[in-house]
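An overview of the molecular structure
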Amino acid sequence: MSTELTVPVLGESITEATLGAWLKKPGEAVAADEAVASLETDKVAIEVTAPVAGVMGAYAVQEGATVNVGAVIGAL
């Protein structure tokens, strides 16, 4: 069973961000609450953390892409 990785709420007026970097590669083990990707906006930089332990799956979004809050960016 896979778990989706989604863009978290970034702030009141922020609706999108840029996927700055993937911190884990597909196939790598990931611990719960471990950072797997970084997001950047003009106001904030934030890390997306794994909600559960597992193995990093395929990326749904590539580095440099613009993503909306709530969008699926990958899976564990």
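Residues numbered from 1 in each chain as written. Predicted model: local features only at pLDDT ≥ 70, side-chain atom pairs only at ≥ 80, totals over all residues. Heavy atoms only, no water.

With that settled, consider the overall build of the chain. Counting its secondary structure elements, the chain contains 0 helices and 8 strands. If you list the helices and strands of the chain from N to C, you get β-β-β-β-β-β-β-β. Taking 2.2 N^0.38 as the reference for a compact globule, 76 residues should give roughly 11 Å; the C-alpha atoms of the chain span a radius of gyration of 12 Å, in line with that estimate. Projecting the C-alpha coordinates of the chain onto the three principal axes gives extents of approximately 35 × 20 × 15 Å. As displayed, the chain offers around 4,300 Å² of accessible surface, 51% of which is attributable to carbon and sulfur atoms. (Helix = DSSP H or I, 4+ residues; strand = E, 2+ residues; numbered from the N terminus. Rg over C-alpha atoms; globule rule 2.2 N^0.38 Å. Areas by Shrake-Rupley, 256 points an atom, 1.4 Å probe, with all protein chains shown as cover.)

With 18 residues, the main nonpolar core has L5, L19, W22, V36, L39, M56 and I73 as its most contacted residues. Breaking this core down by element, the ones donating at least two residues are β2 (16–22) and β4 (35–40). Once you skip the residues sitting within four places of it in the chain, M56 turns out to touch L5, W22, K24, K25, P26, G27, E28, V30, V36, A75 and L76. (Core = buried A, V, L, I, M, F, W, Y, C linked by side-chain atoms within 4.5 Å. Buried < 20%, exposed > 50% of the residue type's maximum accessible area, 1.4 Å probe, protein only. Contact = heavy atoms within 4.5 Å.)

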